[in-house]
Structure formats: C-alpha cells, structure tokens
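Fold and contact review
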Amino acid sequence: MLSKENIETISLPVLGMTCAACAVSVESMVKSLFGVNNAEVNYATQTVKVAYNPATVQPNKFREAVQSIGYDLVLDMERGKEVQEETQKNRYKTLKTRIVATSILTIPIVILGMFLMDMPYANYIMLLLATPVLFIFGKSFFINAYKQAKHGRANMDTLVALSTGIAYLFSVFNTFYPEFWQQRGLHSHVYYEAAAVVILFIMLGKLLEEQAKSNTSSAIKKLIGLQPKTVFIITEEGEKEISVAEVQVGDKLLVRSGEKIPVDGEVYEGTSYVDESMITGEPIAVIKATGDTVYAGTINQKGSFRFVAKKVGSDTMLSQIIQLVQDAQGSKAPVQKLVDKIAGIFVPIVILISLITLGTWVLIEGEHALTQGMLAMVTVLVIACPCALGLATPTAIMVGIGKGAEHGILIKDAEALEVGYKVNAIILDKTGTITEGKPTVTDIHWNAKLPIDRSKLESIFLALEQHSEHPLAEAIMKHFKSADIVAANVQHFESLTGKGVEAKFEGDRYLAGSSKLLGDLHIEIPAILKRQVSELQEQAKTVIYFLNDKQVLAIVAITDSIKEGSIKAVEVLTKKGIEVYMLTGDNQQTAAAVASQVGITNYRAEVYPTDKADFVKKLQAEGKVVGMIGDGINDSQALAQADLSIAMGKGSDIAIDVAKMTFVSSDLQQIPKALRLSRQTVKTIRQNLFWAFIYNLIGIPIAAGILYPINGFLLNPMIAGAAMALSSVSVVSNSLRLKWQK
C-alpha cells in the first residue's frame, strides 16, 4: 500500500465502454499499474477515479494501458467533460447512421430468410447483404472483442462477435456446401437474418441506452446551466461587459433585474430580492441588502444592486456543489462492488454455458441436433449481455444524487444513499441545528445592591464580553452597543475555560460566565435573582452571570429561537419510528425546555464534543444505525463516528468536510426528505438488480432450449437480441422514475 501522504486522486472520462464488463476491464488494467493505489470505474458516468502516486506513475500511463484493450481516456482536465460529451454526440450520430444503413440491408434479409428462402440464389443474396452488416456497420464488435481477447479478457462485444460470427460462418458453410447436410438427409439452414437482426437490435439498444443515460445526468446539466457567461464590471471608465472567467476577487460587479448572479460576493450598494431556490431548495426569494452574501447561479428578481466578488471560478458555492455532485455520481455503492465482480466473471461463464449447450444438443442425437445446437449456442451468447446488470446500480445512484442536489441535499458519495434508508436513530445538535444559532439578549436583571454606578458596571460588562471568544458574548455586545454604551478599559483579562472570563477594573475583580463561577467563588445568588434564573431557564433561555468576587451583579438571559421546521421534522421522524436524540453543551433546564418545545423525549445536556462521539458509539453498540446532524467544529468528531453524517450548510467547513451529506438550507425538514430519497434509491437499485438477474436467470435456460423437450419451443436469436436490448433500457427507465417520485 502506498503512503497516503503521496496519494493524489484524479477523475478522468473514459471513451468506448459498451457494457459493465468493459468497466471491469478498464478498472483492472489501471489498477494493475505500479504506483496506482486504487481505481474505480463508473459505467453510468463513463469515468474512472484513480488514486495514485504522481512520483511513480503519470496519467498518460493510465491512457496507454486503457488504449491497449480498445478504450481511451481524456486527459484534458480543462475540457475533459466537453471532449467526452462531443465524443458521445459523435458516437450517437454515427450509431444512428449505422442503424439506418443496417436497417436498409437487414429488412430484405429478414424477408428472404423468413418468407422467400426457396427463391433461387436467396442464400447468396442474403450473404451479400449480411456481410456489410456484420463487417462494416458492426465491425466495432469484432475489433473490440479481438482487443479484449489479446489480453485474455471478454466483454459484451465478445458475446456479440461470437454469436453473430458463428451464425454467419455456419451460414456461409451451408451456402457453399449445402450437399454436406443433404447427403445426411438434413436441410442446410442459413441464419443470416438472425446474425443481421442481432447486430441491428444491439445497436438500437445502445442508442436507447445512450439517450436514457444522458437523461440521468440532467441534474448536473441544470446546475452547470445556472452559470451565466458574461457579467457587467464597474470600472473607473464606467460599466463594461466581460466574460465570467475574467472576474477576479475584489472586482465590483453590477447585477440588473432578472439576471443571474455570476460569482459569490457581498452586496455593497442597493437592495433586491434574490431567488436562491436552485442553491437552497427554498422557494421564497430572500431580500439582499448591504453586507449580505450572494451566490453564483441565483437569480436577481427585482431591482439592481452592486456587489464585490469574494469567490470566483471553482471556489464559488455553485462550482463546489457541481463538483460534489459529479464526484458522488461517480462513486460506487457497496452493492455495486459485488455487481462488478459478478460482471467480471459473467462473460466467461456465459461462453462456457453456450459450449455446454452445443455439446448437450449434439449428444441428443436428434435429426437436427448440430444445427439446433448451434442456434441455441448463438441465442445464449446473444441473450446474456451483462449491460442491465452493470447499469442497475449506477443509474439509480446518479438520478438519486441529482434529485438530491436539485432539492438542496448534497450527497458526498453513493454509500451515504445506501446507508440512509437503514437509519433508525437520529442525533441532533441543539445550537444552529434545532435552533437558529443566532442568540439574542431578552432580559437583564440587576442586583438591587450594586457597589458602583450601574452605567459604569455596564461598561465593564461590555469590556469583558468584547474580550471573550464565547459565541454568546456577541449577543451581549450587540445589546450594549445598541444602547450606545462604551466599553471600559479593563486590565489583566483572562479566559477561564468552560466557565467564563475575568478582568480587573480600578483594582477590583469582575467576572462573566456560567453558574460554575458561583461555585468556585462560593457566592450565593440573591433569592429574587435565583427565582428569576429559574423562570428564565424554564423558558429555554441561557443565563449568563456578571459578578465581582463578592456578589452577583446581574443576570442576562439569552435565547436562541427554534427554527420553523424543527418541530415538524421531529414529528415526521418520530412517526416513521426513528428515535430522535438531542445533544447540547447547554444546561439541563435549557435543554429540557428546547426538547419539550420540539417534541424530543431523549436528550443529554452539558455534553462535551468527545461525549457526543461516545454517545454515537453507545447507540451503535446497541445495534442502532445512527445519523448525526450538526453544524459546528464541536460536532465533527461525532459526525465522523456516525453511520450517516449530515452537516447543515451554514455550518463550519470542517463539519461539512467530514459529513456524507450537507443540507444547503439548514432546514431540519430536509432530514425526512433525505432519508426518503435514500429509501427510494435503494428500492430502485434492488428492483433493477432483481430484473437484471431474473432476466438472465430465465433467459439463458430458455435460450439454451430447456423448453424444447416439453413443448418444442426454441428461442430465435433475433428475439433474444431484442430482449437483451430491452433489458438495459428497462433498467435505465426504472431509474429515471426516481425523478418523479415525491
């Protein structure tokens, strides 16, 4: 294993893959290179994600390895996706042209083979028409099969080349040497129509598959489409229209009514309502004024405003969302790894089954044993394409992740979707998750017996909180500053970890913080203030104490209002049978009051960050699948421990980095939506895999002729070709149904 410090990860578009077995071939070739730590190919997104040591191996080596078996990689990081899309469009056009030409040649072959087989020279005419179908319009199947065979590999092209090639060669022999069979009292059948129709149907299946697959990535296309191409920059000479790519951090930009915002920035002039639904999933437009943040891709509705560019290019929130969704769509769910292993050994097993089929028919010793055995062998090779198997998981994952992105649920990888539906316990952080995370002062109660003038004490209190780094300090500062109070000049400031702060003013010691300060200094709180503290805590308010080393001078009540969607979210989760827990570093009374308001019966107060992670472990030890939702650095340890970690979008970068899912809107009602999406996606994957396996489980024995001894039924290779094509299309279509599920 390579040292993790030297590992780089790169995602590259793959060209020329036609089935799940192709993906396995590409993956194993890249993995086999010295210096490559891991490689994952996603057939649905047509990409390979490689973890490698750049000191040992370079991407051009990946390309050489892949080219040796008939595929290609796009190394142009700037235009990788564009090149892939252009190639796919060209392939789609070429495929359409080939289908038209193949159809023109195949229709007469079918008419001759099915209805006019006794016509003079019918076999020679069919030979003349079938040859270009196989070796001009269908040549890619044979070329790719040969490249695979050179490396001891097999894929769908191998099955197609073998089945149609055997049918064609058998028919050519019967065309030129019919007497071989006639001398043995048998009819010299030809199967040109079967070979030609199989090629046609497989091409049609590929065309429909390409079309369906392009629909699965529509979420990415929509997100990319949100980025405007040009923007108005404000210069000393006036307004000038430039390309978005030219915008630099610090540039002053103008956005008019109805225009898309080009980059992330901060408003410095004007007000307007901005539709942020494509980023947050919230339908109501948000008012933006001086100092507010605006995001690339959102739409300015009314009025114009000017803003300073803060993040440009790949740093914008929209670009990061696009990258996250692309990475997630290219990731593999655990079930997909098992499917890949099956796809890798599937083709050789099918070839073995086809040979056993031929051998069994020959041993039957019937009148047409060899002919029917050849036909059955060809049919088995045609019907057993692993495409449906390869598409079952990634197409559902792509649609699920795309749908999540459209609703403001960003999913980091496929595993998160697969784990989500199993979650039966949800842990919520209080501040910033259940509550708004914007504390405000609601009450200040002063001691009746103050040592000095109250206005002077307010200045000292403000000075203490100005030096404090506690999140509640800002609420107190805002309160005092709004009353035009000026901070006193305090000395010897000291932060008392987990308790509060202290400083000296004119030789006297002053402190501000939690009730732990009272215990340390053995100070009794006056009865009136004690009663008020109790009342405030019952209202879910946090109490901060201001004191000197002799008495409590004042108590401040701070509240953090509960988010609008929190109560509804907890209600929905509880109804679904999911246990909801609340963890908070706040005191017992405040925690109890908040829990009561939102309908949570299981909660823990005065919890430290390490305690949160331990609590997750405790639930996991009880056999629960735990989802953790948080927004701060203090939640990151618990998020990393949880089975499913969800960060609130307006939380800290580290929480978002650790989490498997991120909610852009910070609305807890997204939790039931995310779990429902996970359940729908997993259900779709299971349906897809069921149909893909059942198709082969039923199709292969019927193709081999299992029904022949019972009712004389023998499947025609043409019907097998059509069934194979439809199996892939049905799997992709079933995945697309996810888009319209609520």
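Residues numbered from 1 in each chain as written. Predicted model: local features only at pLDDT ≥ 70, side-chain atom pairs only at ≥ 80, totals over all residues. Heavy atoms only, no water.

Formally: UniProt positions are given in the numbering used here, feature names are shortened, and annotations may be inferred rather than shown by experiment.
Under the annotation held in an unreviewed UniProt entry, the protein chain carries the name Heavy metal translocating P-type ATPase and is attributed to Olivibacter jilunii. In its Sequence similarities (unreviewed entry) section, the UniProt record describing the protein chain reads: "Belongs to the cation transport ATPase (P-type) (TC 3.A.3) family. Type IB subfamily."

**Section: empty space enclosed by the protein**
Test applied: Cavity means a closed set of points on a 1 Å grid over the protein atoms alone, one where a 1.4 Å probe fits but cannot get out, pocket means an open set with protein on both sides within 12 Å along at least 5 of 7 lines, and lining means a residue has an atom within 4 Å of a point. Grid points are joined across faces, edges and corners, and a volume is the space filled by probe spheres set on the points. In this text, helices come from DSSP runs of H or I with a minimum length of four residues, and strands from runs of E with a minimum of two, each type numbered from the N-terminal end.
The tally for this structure, following the rule as stated, stands at 3 cavities of 30 Å³ or more. In this structure, the largest cavity occupies an estimated 40 Å³ of space. As for the largest cavity, its lining consists of Ile166, Ala167, Phe170, Tyr191, Thr371, Met374, Leu375 and Val378. Sort the elements by how many residues they give to the lining of the largest cavity and helix H13 (residues 369–383) lands first, with 4 residues.

**Digging into the UniProt feature "transmembrane region" (unreviewed entry) in the protein chain**
This chain's UniProt record puts "transmembrane region" (unreviewed entry) on residues 99–117, 123–146, 158–177, 189–208, 342–364, 376–402, 689–708 and 714–736. Across residues 123–146, helical content stands at 96% and strand content at 0%; the span's end C-alpha atoms are separated by 28 Å. Here residues 689–708 is 85% helix and 0% strand, with 28 Å between the C-alpha atoms at its ends.

**Looking at the pattern of salt bridges**
To keep things clear, this is the line we draw: A pairing counts as a salt bridge when a side-chain nitrogen of Lys or Arg comes within 4 Å of a carboxyl oxygen of Asp or Glu. Categorising residues by exposure relies on relative accessible area from a 1.4 Å probe, with only protein chains included: less than 20% of the type maximum marks a residue as buried, more than 50% marks it as exposed, and the intermediate range marks it as partly exposed.
Counting across every chain of the model gives 15 salt bridges. A salt bridge links Arg454 to Glu458, with the nearest nitrogen and oxygen atoms 3.7 Å apart. A residue pair is termed a helical-turn pair when its members lie 3 or 4 positions apart in one helix, as Arg454 and Glu458 do in helix H17 (residues 454–467) at 4 residues. The partner of Glu571 in a salt bridge is Lys575, with the nearest N and O atoms 3.4 Å apart. Taken together, the residues span about one helical turn, with Glu571 and Lys575 both in helix H21 (residues 566–575) at a distance of 4 residues. For Lys575, a relative accessible area of 67% gives the class exposed. One network of salt bridges, with partners in common, ties together Glu579, Lys618, Glu622 and Lys624.

**Here's the deal with the environment of Ile702**
We count it as follows: We call two residues in contact when some of their heavy atoms are within 4.5 Å.
Examined against the element boundaries, Ile702 turns out to sit in helix H26 (residues 670–704). Separated by 12 residues in sequence, Ile702 and Leu714 have C-alpha atoms that sit 7.5 Å apart. Setting aside chain neighbours within four positions, we find Ile702 in contact with Leu707, Phe713 and Leu715.

**Notes on the side chain of Thr542**
Tracing the backbone through its elements, the reader meets Thr542 in strand S20 (residues 542–548). Overall, the relative accessible area of 12% leaves Thr542 in the buried class.

**What to know about the packing of aromatic side chains**
Applied cut-off: Geometry of aromatic contacts follows a simple scheme: Phe, Tyr and Trp rings, the Trp one being its six-membered ring, pair when their centres are within 6.5 Å, and the pair is stacked under 30 degrees between planes, edge-to-face over 60, tilted otherwise. Only when the NZ atom of a Lys or the CZ atom of an Arg is both within 6 Å of the ring centre and within 35 degrees of the ring normal do we say a charge sits over the ring.
Applying the stated rule across the entire model yields 14 aromatic pairs. Ring centres of Tyr52 and Phe62 lie 5.2 Å apart, and the angle between their planes is 85 degrees; this geometry places the pair in the edge-to-face category. Placement of the pair is Tyr52 in strand S3 (residues 47–52) and Phe62 in helix H2 (residues 59–67), with a sequence separation of 10 residues. Both residues of the pair, Tyr52 and Phe62, count as buried. Pairwise contacts between aromatic rings join Trp446, Phe461, Phe480, Tyr510 and Phe546 into one cluster. Between Lys252 and the ring centre of Tyr268, over which it is positioned, the NZ or CZ distance is 5.3 Å. Residue placement shows Arg256 over the ring face of Phe232; its charged tip is 4.3 Å from the ring centre.

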